[in-house]
Structures are given as C-alpha cells and as structure tokens.
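# Observations on chain architecture
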Amino acid sequence: MAACGSETARTLACRDGAAAARLKVTSIFVIFLTSVVGILAPVLLARFFKGKPAYDKATLVIKCFAAGVILSTSLVHVLPDAFAALSDCHVASRHPWRDFPFAGLVTLVGAVVALLVDVTATAHAELHGGGSGGAGYKPVGTKEEMAETKKSAESRIESGELGASCGVESDQRRPGDAEAAAAAEELVRLKQRLVSQVLEIGIIFHSVIIGVTMGMSQNQCTIRPLVAALAFHQIFEGMGLGGCIAQAAFSFGTTAYMCFMFAVTTPMGIVLGMILFSATGYDDSSPNALIMEGLLGSFSSGILIYMALVDLIALDFFHNKLMSSNSWLKKASFIALVLGSTSMSILALWA
C-alpha cells in the first residue's frame, strides 16, 4: 500500500483546475453523444427489423453480448474500484473500516436486494397482471402442469368426451391453448420489463459515481484518458441496456425516458461533481468521499452481478427454447458473451 504522505511532484504538476475544468466540459458532450449512440442503436434496430425472420436470433445474440458487458462492468470496473476506495490508507486506518471487508458485504446486500425486488415484482405481476378478480397468470409449461394436462386428457378419453373426430377436438382446445400462450407471453414480457428497469437502476448508480468522481477531480492527467475510456464504456453499456429495453417492448414514451435517463446520468454526475467542488472545495480523495464512493460502488456492483448472471445469462442459456433448439445459436451466443466481457475488460487498462 502506498504511503499516505505528501503527494509526488508529478501529481502536483497534474493538478491544474482550469485545464481540468476544460476537459470536463468537453467530456460532458462527448459522453452524452456516445451514450445516445450506444443505447439507441439496439432500440432502433429492433424497431426497424422486428418481425423479420432473423430478428429473434439477432436480438438474443446482442443480449448475450450485453450480458458480458454488464458482468465485466461489475466485476472488472465497479467492484475493484469499490474495494480500492475502502482499502485506501486514509480509510483503512480508521475504525470500523479496518476491521471488516465492507465492500464485499455491501455487494452481497446489493445482490440480495436485487433478488428481493425481482421476486416481489414477479409475484405482483403474477397476482395482478392477469385480469379481473385478482386471478393472475400462472406459469405454463412446468412439469406439474404438463402431467396434470395429460391426466385430464386421458380421463376425458376414457369418459368418451374425446370420441368425436380429431378436428372437433382441436377446435375445442384452440381457445384454451391461445389463452395460455398469451398468458405465458405476457409473463415473459413483464419479466423482461422488470429486468430492464432494475438493470437501469444499477447502471445509474454506477454512472452517478463515475460522473461525480470525475467532476470533483482536479487531476488533468487522470481525466484525459478517462474521457476516451468512458466514451467506449458508455457505448458498450448502452448497447447492453438498449438490448434489454428493445426486447421488453416498452411503449415509445417509456423507451424514450429510459434512454434519456441513461444518456444524461453520467454528464449530470460530472456537473454535480463540479458544483460540489466549486461550492465546498470538497476533495475527491478525502476519507468521507472515498467511503461514499466505495459503498455506492459495492451496492451497484451487487445489483449488476445478480442481473447479469441470473436475469440475463442463466435465463437465456438455460430457459430459452430458441437457444436450446439451435446448437449453433448457443455457440454464437456464448461467443458473443465472451466478446462482450472481453471488450469491456480491456477498457480497464484506462478506466
């Protein structure tokens, strides 16, 4: 661990408030534009190509690329920064931060909170999303349901209900099948919308931390490479969130709102950091700032890890019928996942 003594001559030379301010103003516009490009690309592609033969397969591959980006963001970018902030010598020398790994604990809390939100919202959708009388949709396709359906059909055959021609029987069963399919489709859509919303919350936490930290920094040597790295970071992260938003099929207003919030969060964080520094002279390397950065980063990392592993990767690789029925699509999706995580991990060399 580096000593907590006086700053080196190089660090002092890099601390130029005027030059740092110019870089931060430039970064606001650059990061905003790259954020817009990143999140709108999958959303617009979905609008133009929805209904095409290869649309579902392309969306799945893009979503797997996005899952790799989000998983890498949480494990390679956010979590190490949180541990570094809370293990800084200014913080680690104080009680209780030196006695317990709080970064790991808060990451665990973030993952558990994401699970709680996921379970609660899904249960609410099942109870109240299905129509009148509070009778919500029931999951379809489970082993128990398939066994019950088979048993019911066999009993109807034995009682002579199905003695008529097969054409009549299929006509009698079509309304129920259509209703069950519609119920299942609606549940899937509700789940995708929930995933998109919780994912955006985790990303917004992360973006605010990045923006405020950068806005309070007066080190131009740190800011200069950070601008380029964050521009690519926002493109990849925007593609991840945009892919989830596109698949969730939100209304135009909700889609526009979610895209706008993602695009402006980091620039707003930079502006907020500049205002805080100007008003208070608050040092971004002070113990309190490092503690806040570490706790918020750990919490958002827990959310992102849960969302990437449970609601994106596991959901698609183990519960997606399209992928399970196409071996080449599963291979392509895995390659996309690796490429997404690799591209985001490489950016850790600069930010």
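What counts, and where the lines are drawn
Residues numbered from 1 in each chain as written. Predicted model: local features only at pLDDT ≥ 70, side-chain atom pairs only at ≥ 80, totals over all residues. Heavy atoms only, no water. UniProt positions renumbered as here; feature names shortened; annotations may be inferred. Helix = DSSP H or I, 4+ residues; strand = E, 2+ residues; numbered from the N terminus. Expected span 1.5 Å × (residues − 1). Bend = angle between axes of the 7 residues up to and from the residue. Contact = heavy atoms within 4.5 Å. Patch = residues over 30% accessible without salt bridge, like charges linked within 9 Å, V, L, I, M, F, W, Y side chains within 5 Å. Areas by Shrake-Rupley, 256 points an atom, 1.4 Å probe, with all protein chains shown as cover. Salt bridge = Lys/Arg side-chain N within 4 Å of Asp/Glu carboxyl O. Buried < 20%, exposed > 50% of the residue type's maximum accessible area, 1.4 Å probe, protein only.

Under an unreviewed UniProt entry, the name given to the protein is Zinc/iron permease, and the organism recorded is Trema orientale. UniProt lists a comment for the protein under the heading Subcellular location (unreviewed entry), and it reads "Membrane".

This paragraph deals with helix 3 (residues 55-86). The first and last C-alpha atoms of helix 3 sit 45 Å apart over 32 residues, in line with the 46 Å expected at 1.5 Å per residue. Residue Thr73 marks the point of greatest curvature in helix 3, where the axis turns by about 35°.

Structurally, Asp316 is set in helix 10 (residues 287-319). Filtering out sequence-adjacent residues up to four positions away, Asp316 remains in contact with Leu60, Lys63 and Met323.

A grouping of Phe100, Leu105, Leu108, Val109, Val112, Val113 and Val117 is seen on the molecular surface, where their side chains present a nonpolar patch of about 530 Å² in accessible area. With respect to the helices and strands, Phe100 occurs in the loop between helix 4 (89-92) and helix 5 (102-128). Its relative accessible area of 42% is what places Phe100 among the partly exposed residues.

Turning our eyes to something else, we now look at unusual backbone geometry. Peptide bonds are trans in most cases, and residues, glycine excluded, mostly fall at negative phi. For the bond from His95 to Pro96, the omega torsion is 5°, close enough to zero to count as cis. Along the chain, Pro96 turns up in the loop between helix 4 and helix 5.

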